[in-house]
Each structure stands twice: as structure tokens, then as C-alpha cells.
Amino acid sequence: MIFEYAILSFEPSLDELAKWERDLRKRLGENASGIMRVEARRMEHHEFNAYCVLIKRGFNLTVKGVDGMARKRGKSSPDVVLEGARWELKCPQGENARKTIRRNLTRALNQMRNADPPPSEIRIILSALETSLPRGNVEYHVRRIMDEEVIDDMIVIYSEQDVRRYKRMSGDSHCPSCSDGGVSPLRAA
């Protein structure tokens, strides 16, 4: 596991950096294969938890800093670069499944559409680690929004052990490892 920190617009304390690295090593163990690079952005605890789960599965990711110039132009900047593509992360915390999941996914969709520059595909990471909603409720709403065919690729973190990827099934494109209509479990690396 590799942990990098690029200091761009603010300088975190050495204590904060050391705590992040200790937390990563403790949670992931020395055998984790992903890389996390953080570019000048304060991370909320729930975001950190989601990124740890992805690193545990071997993903290399860069947590992006807020693009001040884009923000001045009324544009948004996605949270993370994963697999060379920009993704928006949402970590719903409410207890009403329809409002909580739908509202967060709609917000993420709008942020991706308003990104500067606009992405070629809409990619969203939804972490259900911090919600008290049952897995079935979350999955029901994820599948409903995926059926609308507005999101191209979604990774849903149901728990540290259960992470699934949903891909839009249009035309000839499909997820080669998906046996369940565009859904594939992501295995730990």
C-alpha cells in the first residue's frame, strides 16, 4: 500500500498526515495493493472510509483538490480520479431510503454534468457505509436509477466486504465480468 500526499493549496499538519497513514496501515494491513494520492483536500471521515475500501480492492486513486477556478465559473470538480477517470463520491447518511439515496445520486449526477470539463461518461461512487438503511433498500434505489440510463458506471460500497459495480447496459456494451445484468462484485485484491 502506498500513501502519497501532494500539498497544493493548504498544508496539513504532520500529525494529520501521520494519523491518516496509521489509520490506512491499520485498516488495510501491509498487503493492500492500492495507492491513494491526496491533492490538497480536507477529507471527511466517511470519505476516508470509502477510499480505504477501494484501496483494499487494489484501486489506485487520487483524491482531487477543489478546483477554485472552476468553482468561480460556477462549475464543479469531481472528488476522485479512479482508473484514469473522474468519479463523484457520495456518502448518504439519512434514514429515508427514497429521499436519501435518490437525493445523493441526483446531486452527484448534477455535479458530474456541471464538471469542468464535462466528462464523457457519468461515474459515481456511492458509499452506504455510514447509513443505517438496509442493503436491500439501497440496492433497490441504485437499480432504479441505473434503469434510467443516466449513469454510465457506479461503484456501490454496501460494506467493507460487499462492493459492487453497476454498468449501464446499452447497445453492444456490457460488463464482461457481469453475470447479473451489468452488476459485478468487486473482490478484495
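Residues numbered from 1 in each chain as written. Predicted model: local features only at pLDDT ≥ 70, side-chain atom pairs only at ≥ 80, totals over all residues. Heavy atoms only, no water.

Undergrad: What is the right way to read the environment of A108 from this model?
TA: Along the polypeptide, A108 turns up in helix α4 (residues 97-113). Apart from residues no more than four positions distant in its own chain, A108 is found in contact with E88, K90 and I124. (Helix = DSSP H or I, 4+ residues; strand = E, 2+ residues; numbered from the N terminus. Contact = heavy atoms within 4.5 Å.)

Undergrad: Even after reading the chapter, I still don't get unusual backbone geometry, so can you show me in this structure?
TA: Excluding glycine, residues mostly have negative phi values, and the peptide bonds linking residues are mostly trans. Positive phi outside glycine occurs at E83, with the angle close to 55 degrees. Along the chain, the position of E83 falls in the loop between β4 (80-82) and β5 (85-90). With phi around 55 degrees, E149 is a residue other than glycine that occupies positive phi space. Residue position: E149 is located in the loop between α5 (135-147) and β7 (153-157).

Undergrad: When you look at the nonpolar core in this model, what are you seeing that I'm missing?
TA: Side chains of a nonpolar character, in soluble globular proteins, are inclined to be buried together. Core analysis: the largest hydrophobic core is formed by 22 residues, its most contacted members being M36, Y51, L61, I125 and I155. Contributions of two or more residues to this core are made by α2 (45-56), β3 (60-63), β4, β5 and β7. Considering each element in turn, this core owes the most residues, 7 residues, to α2. Of all hydrophobic cores here, the second largest spans 19 residues; its members include I122, I145, M146 and Y166. (Core = buried A, V, L, I, M, F, W, Y, C linked by side-chain atoms within 4.5 Å. Buried < 20%, exposed > 50% of the residue type's maximum accessible area, 1.4 Å probe, protein only.)

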